[in-house]
Amino acid sequence: MESTLQNCEPLDSRQFMLAVKRLADSLSYGTDRSPFLGQGIEYVQSRRYEPGDPVKSIDWRVTARTGKAHVKQFETPKQMPVWLVVDTSASMALASHPPGKYGLALQVAGGLALACLDRVSPVGVLGAGGRDLRIQPSLSRDVLLQWLHALRTYRFDEPTTLGQRLLALEPSLTQRSLLVVLSDFHDPDALSALKVIGARHDCICLIFRDPAEDHLSGAGLFRGREVESGREVVTHGKKLLSTTEELEAALKKASLDHFLIRPGQPFLGRLRHFLRARGGVSRRNRQ
């Protein structure tokens, strides 16, 4: 059954975009030099002055030390492509607190995308559900708006394909990339796929967990239906969903940076601090 986010959040299309832009402004604040959002020119070395070199490029410190005029050389680094991997599976539609996991994930994805474009970092998007959505990294705001609005329509029966989509994406990444995964991480294959792709690329895992999911943990035996497959199961609360603590422990053990977001709870200040503290590009993966 197909639905739109307007059925579970009090925002129309215009209000949704305003919320995304405000989120982008908040994430961009104080991160002008973050590699996550792109860089300007960087100092490489100093060389001997040659006639015609601009005076403002003179390296006065090296000139004073050597007694000969030197100028600074800069380069514009290649921008790291950013892939936003958005989980569109049915479990993301849980919404005990509007706008729910999926609605909030989409706002965060849009905010991150706009913030990256402001720093001239190309952004691509990959759907991790039943739909076939893969947009190559681009600097086009029009492309960004198209996939944002397309993702506002979702289905309640989409399977989770996070691990599968990550493994399919990895061979096509011809240069070092940053992957931001926005998911509730209910796919049992996701962690192993993240370990594989994290060996060559930088990964950030944004975990979306609804407060209602916490009550399932330790709930004892009960009968239920898997929202993504329709299969009836008799299971235990701890087996149906991994607890948030177990998930965070597994991601930490795999050296994968992660951040927990709960609908209905403030997170922007902490998320901005998280991105700023890690310097955008993980120290572990810097080359």
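Everything numeric here is computed off the predicted structure, so don't read it as measured data.

Novice: What's the story with the packing of helix 3 (residues 100-118) against helix 4 (residues 141-151) in this structure? I'm lost.
Specialist: For any two helices packed against each other, the geometry is given by the interaxial angle and the distance between the axes. Running from N to C, helix 3 and helix 4 point in directions that differ by 175 degrees, and their axes come no closer than 11 Å. For the element pair helix 3 / helix 4, the angle class is roughly antiparallel. Across the interface between the two elements, Tyr-102, Leu-106, Ala-109, Gly-110, Ala-113, Leu-114, Leu-117 and Asp-118 from helix 3 touch Arg-141, Leu-144, Trp-147, Leu-148 and Leu-151 from helix 4. Tallied by class, the residues present in the contact of helix 3 with helix 4 amount to 10 nonpolar, one polar and two charged.

Novice: How do you make sense of the environment of Glu-158 when you look at a structure like this?
Specialist: Relative to the elements of secondary structure, Glu-158 occurs in the loop between strand 7 (153-155) and helix 5 (162-169). At a separation of 2.8 Å, a polar atom in the side chain of Glu-158 contacts the side chain of Thr-88.

Novice: Can you walk me through the sheet that holds strand 5 (residues 123-127) in this structure?
Specialist: Backbone hydrogen bonds are what pair the strands of a sheet, in a parallel or an antiparallel way. The sheet built from six strands is open, its strands ordered 6-5-4-8-9-12 with mixed pairing. The open sheet has two edge strands with one neighbour each: strand 6 (134-138) and strand 12 (257-261). Taken pair by pair, the neighbouring strands of this sheet meet at an average axis angle of 15 degrees, ignoring direction. Summarising the sheet, strand 8 (residues 178-183) and strand 9 (residues 202-208) pair through six bridges and their orientation is parallel. Each bridged residue has a counterpart across the sheet, and for Val-181 the counterpart in strand 9 is Cys-205.

Novice: Please clarify how helix 6 (residues 190-198) should be interpreted in this entry.
Specialist: Residues three or four positions apart in an α-helix share a direction because the helix packs 3.6 residues into each turn. For helix 6, the complete set of buried residues consists of Ala-190, Ala-193, Leu-194, Ile-197 and Gly-198. Axial view of helix 6: buried residues confined to an arc of 130 degrees, hence all on one face. The inward-facing, buried residues of helix 6 abut helix 5, strand 8, strand 9 and helix 9 (244-253).

Novice: So what exactly am I meant to see when it comes to the nonpolar core here?
Specialist: Nonpolar side chains in soluble globular proteins tend to be buried together. Counting residues in each nonpolar core, the largest one holds 43 residues, and the members touching the most others are Leu-84, Val-108, Val-180, Leu-182, Leu-206, Phe-208 and Leu-271. In terms of residue count, the dominant contributor to this core is helix 3 (11 residues). Contacts of Leu-271, omitting those with residues within four sequence positions, involve Leu-27, Val-108, Leu-206 and Phe-259. Counting 23 residues, the second-largest nonpolar core is a separate cluster that includes Leu-179, Phe-185, Cys-205 and Leu-247.

Novice: Whenever I open this one, the packing of aromatic side chains confuses me. Can you help?
Specialist: Think of a pair of aromatic rings as described by two things: how far the centres are apart, and how the planes are tilted against each other in angle. Enumeration according to the criterion identifies one aromatic pair in this entry. Note on Phe-259 and Phe-274: the rings are 5.4 Å apart at their centroids and 35 degrees apart in plane angle, and the pair reads as tilted. Pair noted here: Phe-259 is in strand 12 and Phe-274 is in helix 10 (residues 268-277), with a separation of 15 residues, a long-range link. Of the residues examined, Phe-259 reaches a relative accessible area of 7% and is grouped as buried.

Novice: What's the story with the packing of helix 5 against helix 6 in this structure? I'm lost.
Specialist: Axis separation between helix 5 and helix 6 bottoms out at 8 Å; the angle between their running directions is 20 degrees. Looking at the two axes, helix 5 sits roughly parallel to helix 6. Pair helix 5 / helix 6 crosses with left-handed handedness. For the pair helix 5 and helix 6, contact is made by Leu-162, Gly-163, Leu-166 and Leu-167 and by Ala-190, Ala-193, Leu-194, Val-196 and Ile-197, respectively.

Rules of the game
Residues numbered from 1 in each chain as written. Predicted model: local features only at pLDDT ≥ 70, side-chain atom pairs only at ≥ 80, totals over all residues. Heavy atoms only, no water. Axes fitted to C-alpha atoms, helices over the stretch in contact; angles between N-to-C directions. Helix = DSSP H or I, 4+ residues; strand = E, 2+ residues; numbered from the N terminus. Parallel < 35°, antiparallel > 145°, perpendicular 65-115°, else oblique. Contact = heavy atoms within 4.5 Å. Nonpolar A, V, L, I, M, F, W, Y, C, P; charged D, E, K, R; others polar. Polar contact = N/O pair within 3.5 Å; in protein donor to acceptor, adjacent residues only side chain to side chain. Pairing = 2+ DSSP bridges. Buried < 20%, exposed > 50% of the residue type's maximum accessible area, 1.4 Å probe, protein only. Arc of directions from axis to C-beta. Core = buried A, V, L, I, M, F, W, Y, C linked by side-chain atoms within 4.5 Å. Phe/Tyr/Trp six-rings, centres within 6.5 Å; stacked < 30°, edge-to-face > 60°. Left-handed = near helix turned anticlockwise from the far one by under 90°.

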